[in-house]
Amino acid sequence: MNAWIAYWNILKKDIRNYYLKPPNISWGIIFPLSWTLMQFIRTPQAGAAEAKQLLPGLMSMSVLFGTTSMLAVTITFERRGRSFDRLLLAPISITAMVLAKISGAVLFGVVMAFLPALLAAFITDLSGISWGMGIISVLLMSITSTLLGLAIAVSSKEVFEAQTYSNFFRFPMLFLSGLFIPIDNLPVFLQPISYCLPLTYGVDILNKAITNTGIMNVWFDCLVLIGISILLFCFCLWNIKKKWIL
Amino acid sequence: MLKIIPSKQNLPAKDRKTKNGERFIMSIISVTGLKKAYGAIIAVDGISLDIEKGQIFGLLGPNGAGKTTTINMLTGLARPTAGKIFVDGIDGIKNIKKVQRIIGIVPDESNLYDEMDGFDNLCFCASLYGIKKAEREKRANKLLEIFGLKNTGKRPFRAYSKGMRRKLTIAAGIIHHPEILFLDEPTTGIDVESARQIRSLILDMKRQGTTVFLTTHYIEEAERLCDTVAFIVDGKIIKKGTIDELMENEGNEHILKLTLEGSVNGIISDLQLNFPNFRIKPGGNNSCFISSVERPSLLPILQYLDKKGISVYEAREIRPSLEDVFVKVTGIEAAELKREKEGVRK
């Protein structure tokens, strides 16, 4: 029971101190909004009709950018200010502490993912979307992206280093995960890389949920994302114990 | 005969006597052969310590001597390369999370959250120990009052002065009522008044039964607060004991200071000739120092000076300070130690 009190308060503190700050919320709104506007400017007539087609990509992008950078930056920031030591010195297991830290980022990612959907609801008909599948997809993408952010945080000493590493992973994923360019349309030599990226599987579920155009089995997508999450979680725990408890 | 033995959880933490009448005192922290190496660099080199329950223990040493590394190993922030740690009978290497339940840590630099106010910082720290909301709010309010921070409890931590930050960090370290408190340089770089309040709080904690493990470079502070101290240099404990033991064993020279009515010029060599067993040196302002391994007897000296018609204004025995012992044992000047630390902070 005691560990739950600690878990809940770490989560609450992170949400209040980092995730509910106006710059972070505005980042989550401005980013998808600007992409949607860009689409309208490019093809004004097709804009509304294509909004639904764009939605899986925008939602995935919001999750990816929201979660990876947030956790990587906040943890590196806390490490540098030594406030993170307070968590390491508390009598809660490192697993519980890591779960509390990632929960905030996962929640943030889920909320950010549905902001584009909320905006799209004003300009296009969103009926026929499988919201249950969409939520599962967003949740799994949030978890894997958050853990990727944590893996970056564990490997970084400075905030700028964490940001650089985040971009190193995020930008290739933008173009190779089927967000805006279908994987089949990519050059053949890039396609195997696409299947190594966790976001590919999240986008595939979202495509199935929103536009019914997924290319793989949804259960397979889910299993791959769960598997990657477990691997990343174990890697982060091992690395935290190795790097942060000197 | 007094011996300190490591405590075991199944033994009561109080004085015990053996059949042959030896008195044992339970040690709450027991460290044996503790070593920490970072590659080829050895930060702590096989130290052994036993700290008695309810005492204030001071670890003194220059920068880079291994004080903070020792604290980090005892509290779970660093993994020892070799050695054993027992805290209140709990294996501090295998069960560090159990140890962390009964210890409080105040690092050398405040590590609270800048974005949160004083009250929220304290409540958050209490929550990490599983304390429920009503209780943690009650404790936070009480501590803010004790530490004189009641009026600034709603101010963000970043707006606190250095002394206030230090006090709040100490409050955060004790909000869960730890049995042992680790304080790393608690008064370094803060104003005189705050330092005085912190020293007084440390003594209060001792009176309430908390064991305090303190590192400081202010030797006079250690002398005033600590029951036992250890000197650490280059990762090795080179001397340890109670303040009295260290003074008695190391400060083994008795010094007498005489202040005369007139000038001491010419009298020093005369005194030295007549009292060859003593070492006599001139001091400032018509004074001289008479030192010897045996306690100097004052009467013959006073009689001799009286015969010469020299009046003695004051005669005083000078007790060696812990600083004298530290300098003698380590060869490091205390002032140099202080300068070094302050310089690093700047």
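1. Re the sheet that holds strand β15 (residues 287-292) of chain B
Residue and element names in this part refer to chain B.
Part 1 of the argument: If you walk across this open sheet you meet the four strands as β14-β15-β13-β16, and the pairing is antiparallel. Each edge of the open sheet carries a strand with a single partner, namely β14 (279-282) and β16 (312-318). Across the sheet, the axes of successive neighbouring strands diverge by a mean angle of 20°, strand direction being ignored.
Part 2 of the argument: Taken together, the six bridges between strand β13 (residues 254-260) and β16 define a ladder with antiparallel strand orientation. Within β16, the position partnered with L258 by the bridge is A315.
Part 3 of the argument: Sitting on the sheet, helix α9 (residues 267-274) touches β13, β14 and β15, and the angle it makes with β14 is about 175°.
Part 4 of the argument: Across the face of the sheet, helix α10 (residues 298-307) comes into contact with β13, β15 and β16 while running at roughly 25° to β13.

2. Regarding the packing of helix α9 (residues 198-210) of chain A against helix α10 (residues 218-243) of chain A
All names here are of chain A.
Part 1 of the argument: For the pair α9 and α10, the least separation of the axes is 9 Å and the interaxial angle reads 145°. Crossing geometry of α9 relative to α10 is assigned as left-handed. Across from P198, Y201, G202, D204, I205 and K208 in α9, the residues of α10 making contact are V218, F220, D221, C222, V224, L225 and I228.
Part 2 of the argument: When the residues that make up the contact of α9 with α10 are grouped by side-chain class, the tally is nine nonpolar, one polar and three charged.

3. Quick look at the packing of helix α5 (residues 94-120) of chain A against helix α6 (residues 131-155) of chain A
Residue and element names in this part refer to chain A.
Part 1 of the argument: Relative to each other, α5 and α6 sit at 135°, their axes nearing to 8 Å. Taken as axis vectors, α5 and α6 run oblique relative to one another. Along this stretch, α5 crosses α6, giving a crossing that reads as right-handed. Between α5 and α6, the residues in contact are V98, I102, A105, V106, G109, V110, A113, F114 and A117 and W131, G134, I135, V138, L139, S142, I143, T146, L147 and L150, respectively.
Part 2 of the argument: Each residue belonging to the contact of α5 with α6 can be placed in one class, and the counts come to 15 nonpolar, four polar and no charged.

Definitions and limits used
Residues numbered from 1 in each chain as written. Chains lettered and ligands numbered in written order. Predicted model: local features only at pLDDT ≥ 70, side-chain atom pairs only at ≥ 80, totals over all residues. Heavy atoms only, no water. Pairing = 2+ DSSP bridges. Helix = DSSP H or I, 4+ residues; strand = E, 2+ residues; numbered from the N terminus. Axes fitted to C-alpha atoms, helices over the stretch in contact; angles between N-to-C directions. Contact = heavy atoms within 4.5 Å. Left-handed = near helix turned anticlockwise from the far one by under 90°. Nonpolar A, V, L, I, M, F, W, Y, C, P; charged D, E, K, R; others polar. Parallel < 35°, antiparallel > 145°, perpendicular 65-115°, else oblique.

What is shown is where atoms sit, not what they do.
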